[in-house]
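The residues making up each chain are set out below.
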There are 2 protein chains.
Amino acid sequence: MKLTILGCYSATPRILANPTSQVLESQGHMFLIDCGEGTQVQLRKHKIKFNRIKHIFISHLHGDHFFGLVGLISTFRLLTRETDLHIYGPKGIKEVVTLQMKLADSWTNYQLIFHVLTSKESELIFEDDKMEVHTIPLNHRVYTNGFLFKEKEGKRKLNIGAVEEANINVAYYRKLTQGFDVVNEDGINIKNESVTKPGDKPKSYAFCSDTMYKEDIVSIIENVDVLYHESTFLETQAHLAPKTKHSTAKEAATIAKKANVGKLLLGHYSTRYKDLNGFKIEAEEVFDSVELSEDGKTFEF
Amino acid sequence: MKLTILGCYSATPRILANPTSQVLESQGHMFLIDCGEGTQVQLRKHKIKFNRIKHIFISHLHGDHFFGLVGLISTFRLLTRETDLHIYGPKGIKEVVTLQMKLADSWTNYQLIFHVLTSKESELIFEDDKMEVHTIPLNHRVYTNGFLFKEKEGKRKLNIGAVEEANINVAYYRKLTQGFDVVNEDGINIKNESVTKPGDKPKSYAFCSDTMYKEDIVSIIENVDVLYHESTFLETQAHLAPKTKHSTAKEAATIAKKANVGKLLLGHYSTRYKDLNGFKIEAEEVFDSVELSEDGKTFEF
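Per an unreviewed UniProt entry, the recorded name for chain A is Ribonuclease Z, and the organism is Seonamhaeicola maritimus. Under the Subunit (unreviewed entry) heading, UniProt states for chain A: "Homodimer." Checking UniProt for chain A, the heading Sequence similarities (unreviewed entry) contains the comment "Belongs to the RNase Z family."

Asker: So what's going on with the overall build of chain A? Which residues, and what values?
Answerer: In terms of helices and strands, chain A carries 11 helices and 18 strands. Oriented by its inertia axes, the alpha-carbon framework of chain A measures out at about 70 × 55 × 35 Å. Summarising the internal contacts of chain A: among those between residues at least 6 apart in sequence, 62% fall at separations of at least 24. Carbon and sulfur atoms provide 47% of the accessible area of chain A, an area that totals close to 13,000 Å². Measuring between centres, the 38 positive side-chain charges of chain A sit 5 Å from its 40 negative side-chain charges.

Asker: Give me the sheet that holds strand 5 (residues 85-90) of chain A: which residues, what numbers.
Answerer: All names here are of chain A. Ordered in space as 6-5-4-3-2-1-18, the 7 strands form an open sheet in which the pairing is mixed. Each having just a single partner strand, strand 6 (112-117) and strand 18 (298-300) make up the two edges of the open sheet. Geometrically, the sheet is characterised by an average inter-axis angle of 20 degrees between neighbouring strands, direction not taken into account. One ladder, built from 5 bridges, connects strand 2 (residues 21-26) with strand 3 (residues 29-33); its direction is antiparallel. Paired with Leu-24 across the two strands is Phe-31, which belongs to strand 3. Taken strand by strand, helix 4 (residues 93-104) contacts strand 5 and strand 6, and its axis lies near 150 degrees from that of strand 6.

Asker: Describe the packing of helix 10 (residues 249-258) of chain A against helix 11 (residues 277-284) of chain A, with residues and values.
Answerer: Residues and elements named next belong to chain A. Between helix 10 and helix 11, the shortest axis-to-axis distance is 8 Å and the interhelical angle comes to 45 degrees. With respect to helix 11, the element helix 10 is oriented oblique. As for the relative orientation of helix 10 and helix 11, their crossing is right-handed in sense. On the side of helix 10, the interface is formed by Ala-249, Lys-250 and Ala-253, while helix 11 contributes Phe-279, Glu-282 and Ala-283.

Asker: An account of empty space enclosed by the protein is requested, with residue identities and associated values reported.
Answerer: Summed over all chains, the structure comprises 1 cavity of 30 Å³ or more. Quantified by volume, the largest cavity comes out at close to 30 Å³. Residues of the lining of the largest cavity, tallied by class, amount to 4 nonpolar, 2 polar and no charged.

Asker: Let's hear about the domain arrangement of chain A: which residues, and what values?
Answerer: Partitioning chain A into structural domains gives domain 1 (2-154 + 200-300) and domain 2 (157-197). For domain 1 of chain A versus domain 2 of chain A, the separation of C-alpha centres amounts to 42 Å.

Asker: Explain helix 11 of chain A to me, and be specific about the residues and the numbers.
Answerer: Residue and element names in this part refer to chain A. Every buried residue of helix 11 is accounted for by Phe-279, Glu-282 and Ala-283. Buried residues of helix 11, seen end-on, are gathered within an arc of 95 degrees and therefore sit on one face of the element. Packing partners of the buried residues in helix 11 comprise helix 10, strand 16 (263-267) and strand 17 (290-292).

Asker: Before we move on, can you summarise the UniProt feature "active site" (unreviewed entry) in chain A with the specific residues and values?
Answerer: Residues and elements named next belong to chain A. Annotation from UniProt places "active site" (unreviewed entry) at Asp-64. Exposure remark for Asp-64: the relative accessible area of 12% places this residue in the buried category. Leave out the neighbours within four places in its chain, and Asp-64 touches Ser-10, Ala-11, Pro-19, Thr-20, Gly-36 and His-268.

Asker: Describe in detail the sheet that holds strand 5 (residues 85-90) of chain B, supporting the description with residues and values.
Answerer: Residues and elements named next belong to chain B. With respect to topology, 7 strands assemble into an open sheet ordered 6-5-4-3-2-1-18, the strand pairing being mixed. Unpaired on one side and paired on the other, strand 6 (112-117) and strand 18 (298-300) mark the two borders of the sheet. Averaged over all adjacent pairs, the angle separating strand axes in this sheet is 20 degrees, with direction ignored. Strands in contact with helix 4 (residues 93-104) are strand 5 and strand 6; relative to strand 6, the strand with the most contacts, it is inclined by about 150 degrees.

Asker: Please give an account of the relation of the copies chain B and chain A that cites residues and values.
Answerer: Between chain B and chain A, which share one sequence, the superposing operator has a rotation angle of 180 degrees and an axial displacement of 0.0 Å; the RMSD is 0.1 Å. Look at the turn and shift together and you get a two-fold axis relating the two. Among all C-alpha atoms of chain B, that of Gly-38 of chain B lies closest to the rotation axis, at 3.0 Å. Looking at chain B, 100% of its interface residues are interface residues in chain A too, so the copies touch through the same face.

Calculation notes
- Residues numbered from 1 in each chain as written.
- Chains lettered and ligands numbered in written order.
- Predicted model: local features only at pLDDT ≥ 70, side-chain atom pairs only at ≥ 80, totals over all residues.
- Heavy atoms only, no water.
- UniProt positions renumbered as here; feature names shortened; annotations may be inferred.
- Helix = DSSP H or I, 4+ residues; strand = E, 2+ residues; numbered from the N terminus.
- Contact = heavy atoms within 4.5 Å.
- Areas by Shrake-Rupley, 256 points an atom, 1.4 Å probe, with all protein chains shown as cover.
- Lys, Arg positive; Asp, Glu negative; His and termini not counted.
- Charge placed at Lys NZ, Arg CZ, Asp CG, Glu CD.
- Pairing = 2+ DSSP bridges.
- Axes fitted to C-alpha atoms, helices over the stretch in contact; angles between N-to-C directions.
- Parallel < 35°, antiparallel > 145°, perpendicular 65-115°, else oblique.
- Left-handed = near helix turned anticlockwise from the far one by under 90°.
- 1 Å grid on protein atoms, 1.4 Å probe; cavity = no way out; pocket = protein on both sides within 12 Å on 5 of 7 lines; lining within 4 Å.
- Points joined across faces, edges and corners; volume = space filled by probe spheres on them.
- Nonpolar A, V, L, I, M, F, W, Y, C, P; charged D, E, K, R; others polar.
- Domains from an automatic or database assignment.
- Buried < 20%, exposed > 50% of the residue type's maximum accessible area, 1.4 Å probe, protein only.
- Arc of directions from axis to C-beta.
- Least-squares fit on C-alpha atoms with pLDDT ≥ 70 in both.

Below you can see the structure in the form of structure tokens.
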């Protein structure tokens, strides 16, 4: 998986501080997660091919997470896109987009498919043979979901020496990678595990923004490789967190620790903090593996 | 008057090509004209005080002219604005903004006053003791207005030598600047023109974007100091102009010439043209005084 941070600040877009948006590349997909104002310019800046984006996930309808969506949809139209575009987000998202298309008398020539999310329980919202995407219900001032991206168990790898020694016909190699036992040239049944090894470990990524501290997400995101968890505040402003339904860096780290994740990415920093290092230091007091999101940074895992 | 170009390109925002937005400063006002995506970041870049903007004029509801509006309104809220904000624009503009505020459950703490424009004739939409703003009905794919900003005749200036020689009491000086005749210390009636001279010549600015060639705007914009007229295309692509209801540089210059304006500013260039000089050269074949809008450029007149 490769994650590119297009924007990671809260509230208002500034010259060098873009609102939330991320691109996750995994198994041939290019998922766009949230889409604050200016996201399309950030996509250009980071040379991300617009046409490869087929799924957009919007966590909630606060402006710093979706004011860039209608512009991006409109730009896709001007670029004469033909590929379907799937949009996952809260109730109302379809109305906002279609009202603006109607007023501009500018309808897309590609198919716009809205997947309106309303459940308060985690649900599977996308699946193909290689990936699953689940919602992570969060606790914010308006209806909000995080998203869990999970690769499926990959194909098994052949242990070539063992396969050849077992005298298996090449025609059966594919069945072996799919995990089946096969019969060799001598009519003997060969156990799959004796001639193959597990494929690459499937990776997973959880995106959680915006939310106040919510312990019951732990069971959903347990053991993910990377967790992005918002940290709008430091503990010095901890009193603001429940009031605005945001989290502190310490709270983000506590969730990361309880969920036993591989790495924690912090983000959605309040623009009141000039130096981001305070977030890392605060989180590292609770959890070992912490990194700071920054606009333009990429993470491969 | 001082005009700052925040963005002057058509269609999609790019890294160095912002969609339409301008700030006009005149008589203590700071008028924002159109508001494409990213306008709030452009305002910051050019150090324009957000709080001084009290009137926003939106020509039409195509994205490159108004997708930045809702974000700006929302940022004003986060900056705890208290001053009223007047928004002038086509039918539908109020619905788009209020739907998004409703979905975000984020209402402004300042007064938002919408002035919905529907007339197909030029109308006076703003007036105070120093300024008037009129619409300029344009011909585009959706309902569109340009805007004419006109300073009113300023106060007359005292010819101090003449005033003193005429033996006029200081208490009457204000009446003189207002154009009245007065009676001097000797009881003699003094003609205003004999002791004053005209004030500064009132300035005017006409903004015309987007429109196809429309000759009947000439009578509305006649003799303005500066005319901004869109020039999406060059004559080499003249066949696209009526189809998309845009203008060429030559057409913009023809309007400027017929209206006898002081200076023509070109803008709203299609991003297909890499070099903008072609626009200036083409327009100058028809009209003498031509300048190119460019993001960040200012014009004082």
